[in-house]
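Structural features, examined
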Amino acid sequence: MATFVKFTLDGKIYLSEDGAPLVEAARACGVFIPTLCNYTGIPPKGACRICTVLINGLPATACTTKVVEGLNVQTSTPELESFRQAIVEILFAEGNHLCPSCEKSGSCELQALAYRYRVTVPHFPYLFPRRDVEAWHPKLLKDHNRCIQCKRCIRGIRNPAGKALFAFGKRGDRVVINIDPVTSQNISDALAQQAMDICPVGAILRKGKGFDVPIGRRTYDRTPIGAELRS
Amino acid sequence: MPKKIIATASLAGCFGCHMSFLDIDERLLDLIELVEFDKSPFNDLKEFSRACDIGLIEGGCCNDENVHTLINFRQRCRVLVAVGECAIMGGLPSLRNVIPLQECLAEAYLHGPTVAGGATPNVIPHDPDLPKILDRVYPCHEIVKMDYFLPGCPPRADLIWDALVALVTGQELKWPYATFKFD
Ligand code: SF4
Ligand code: FES
């Protein structure tokens, strides 16, 4: 049987299962901590840092922190909020994020966070990196311009034989997320959809499926990300 | 209250932002009670006739003429607003920013699949009367100081209206989630 522990979120005491990931525990308590590289059900990575909170006064990522008895968490301070906004701005500046021509627009987590933080223009110069578009996979389109290197696809997508479909190449600011060209030849529509859904942005798309939800009915058209929770 | 003077320009844009402005519909009648237009495609005035209160810029800078126009607007307008994604970040024209200019022009005018082969050899246009194309498309704030940014492709008419009312009356812009969009 699960043991329950007491922990504190923004000064209020809550109960959670011992060892639960802090982002999930907070969500269960109705408190929103923004995430990008994290995805429920796959191992956390701690890559994007947007979920940074103060734990006993020190910054730490909430997706990789497990709840223990007495954990004292501050989820939102003016400094944390502007730090998170800066992460969103950096991601917009370092890739080629042309929202008007992106199939994921309206349902993109990065865009939704930019709306949440009211980012009109990044404080950082746009880099306009030269990146490829891989349109030759039978079911998937990989647009490297939009990839934020969260690696959710690497951690989360495997074919029925257990083989990973995505892997990264190169390092640092050159890192690219590749699709295995052999495995990608023969994947089901369901797996292709799963890959598209796991990507927070429009870097993995199912072919022939773009723009199938009208403007106004996409995930974040009317409802801000995290709106169902307190922040 | 004397009417505020507005000027508008479309640089490397598609005129969609100007069209969205017109989508304020019958509020145009309220607007002309509040403002007067100086240089703008709306009235076809090609030159500034006076100093302006508000300059609205659609589009980024893709050629030298855009840069001169933008600098001129900065000099003539007290408040300068980047309207739409192209003005803010280059927008769709900036798709070419990752391709070297020479390659881009060669594809467009010499070797592209839609270039018709005629009797005369294809050339890259270079008439001195044509604006010189820049190495890449520049967001407006990389050329001059911009005071405000209205995102959207195009920005919703409601946002343009709300922003104009805020600028003209000096009140804070209430910005509902529904009009904060990048597409
Ligand atoms: S392709 Fe998508 S899911 Fe994969 S690393 Fe890039 S942004 Fe993340
Ligand atoms: S969501 Fe925690 S580091 Fe990315």
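Residues numbered from 1 in each chain as written. Chains lettered and ligands numbered in written order. Predicted model: local features only at pLDDT ≥ 70, side-chain atom pairs only at ≥ 80, totals over all residues. Heavy atoms only, no water.

1. Some words on unusual backbone geometry
For clarity, the cut-off: Each helix is a run of DSSP H or I of at least 4 residues and each strand a run of E of at least 2, with the numbering of both proceeding from the N terminus.
Across the junction of Cys153 of chain B and Pro154 of chain B, the peptide omega takes the value -5°, indicating a cis bond. Relative to the helices and strands, Pro154 of chain B resides in the loop between strand E7 (148–150) and helix H6 (157–169). Even without being a glycine, Asp10 of chain A presents a positive backbone phi close to 50°. In this fold, Asp10 of chain A is placed in the loop between strand E1 (4–9) and strand E2 (12–17). A positive phi is found at Phe15 of chain B, a non-glycine position, where the angle reads about 75°.

2. Comments concerning the sheet that holds strand E2 (residues 35–37) of chain B
All names here are of chain B. To be explicit about the condition: Only strands joined by at least two bridges in the DSSP assignment are considered to pair. Here an angle of 0 to 180 degrees is reported between the N-to-C directions of two axes, which are lines fitted to C-alpha atoms, with helices fitted over the stretch in contact.
Across the sheet, 5 strands lie side by side as E2-E1-E3-E5-E7; this open sheet has parallel pairing. Strands with a single pairing partner mark the edges of an open sheet, and in this sheet they are E2 and E7. Pairs of neighbouring strands in the sheet enclose a mean axial angle of 30°, with direction left out of account. As paired strands, strand E5 (residues 77–83) and E7 are joined by 3 bridges and run parallel to one another. Within E7, the position partnered with Val81 by the bridge is Tyr148.

3. Let's talk about the domain arrangement of chain A
Residues and elements named next belong to chain A. As a reminder of what qualifies: Where each domain begins and ends is defined by an automated method or by a domain database. Any two residues whose heavy atoms approach within 4.5 Å at even a single point are treated as in contact. Summed over both partners, the accessible area (1.4 Å probe) lost when two parts come together is defined as the buried area. Here a salt bridge means any side-chain nitrogen of Lys or Arg lying within 4 Å of a carboxyl oxygen belonging to Asp or Glu. Polar contacts, as used here, are pairs of N or O atoms within 3.5 Å; protein pairs need one atom able to donate a hydrogen and one able to accept it. Residues neighboring in sequence count only if both atoms are side-chain atoms.
Split into domains, chain A comes out as domain 1 (4–76) and domain 2 (133–206). Taking only C-alpha atoms into account, the centre of domain 1 sits 28 Å from that of domain 2. Taken residue by residue, the interface counts 8 residues in domain 1 and 9 residues in domain 2. Note on domain 1 versus domain 2: buried area summed over both sides is about 740 Å², and carbon and sulfur give 65% of it. At the junction of domain 1 and domain 2, the tally comes to 0 salt bridges. Inspection of the region where domain 1 meets domain 2 yields 4 residue pairs in polar contact (both at pLDDT 80 or more).

4. With respect to the sheet that holds E1 of chain A
All names here are of chain A. Pairing is mixed across the open sheet formed by 5 strands, whose spatial order is E2-E1-E5-E3-E4. Each edge of the open sheet carries a strand with a single partner, namely E2 and strand E4 (58–61). The sheet shows a mean angle of 40° between the axes of neighbouring strands, taken without regard to direction. Both strand E3 (residues 52–55) and strand E5 (residues 72–74) contribute to a ladder of 2 bridges, which runs antiparallel. For Ile55, the partnering residue across the bridge sits in E5 and is Val73. Its contacts with the sheet put helix H2 (residues 78–94) on E3 and E5, and the angle it makes with E3 is roughly 155°.

5. Remarks on the pairing of E2 of chain A
Residues and elements named next belong to chain A. With 6 bridges joining them, E1 and E2 adopt antiparallel strand pairing. What sits directly across from Leu9, in E2, is Lys12. Once E1 ends, the chain turns through 2 residues before running back antiparallel as E2, passing Asp10 with a positive phi of about 50°.

6. Side note on the packing of helix H2 (residues 27–34) of chain B against H6 of chain B
Each pair of packed helices can be described by the angle between their axes along with the distance between the axes. All names here are of chain B. Rules: Working rule for angles: under 35 degrees goes down as roughly parallel, over 145 as roughly antiparallel, 65 to 115 as roughly perpendicular, anything else as oblique. Handedness of each helix crossing follows the sense of rotation of the near helix against the far helix: counterclockwise by less than a right angle gives left-handed, clockwise gives right-handed. Under the scheme applied here, ten amino acids are nonpolar (Ala, Val, Leu, Ile, Met, Phe, Trp, Tyr, Cys and Pro), four are charged (Asp, Glu, Lys and Arg), and all others, including Gly, are polar.
Where H2 meets H6, the axes come as close as 12 Å, and the angle between the chain directions of the two elements is 20°. Between H2 and H6, the angle is such that the two are roughly parallel. For the pair H2 and H6, the crossing hand works out as left-handed. From H2, Arg27, Asp30, Leu31 and Leu34 reach across to H6, where they touch Asp158, Trp161, Leu164 and Val168. Looking at the contact of H2 with H6 residue by residue, the classes come out as 5 nonpolar, no polar and 3 charged.

7. Description of the interface of chain A and chain B
Across the boundary between the two partners, chain A contributes 26 residues, which contact 26 residues of chain B. For the pairing of chain A and chain B, the buried interface totals around 2300 Å² over both sides, and the portion due to carbon and sulfur atoms is 67%. On the chain A side of the interface with chain B, the three residues burying the most area are Tyr115, Arg118 and Phe128 of chain A, jointly 30% of the side's total. Put simply, chain A and chain B have 2 salt bridges between them. Arg130 of chain A is the salt-bridge partner of Glu103 of chain B, the closest N and O atoms lying 3.6 Å from each other. Summed over the shared surface of chain A and chain B, the number is 7 residue pairs in polar contact (both at pLDDT 80 or more).

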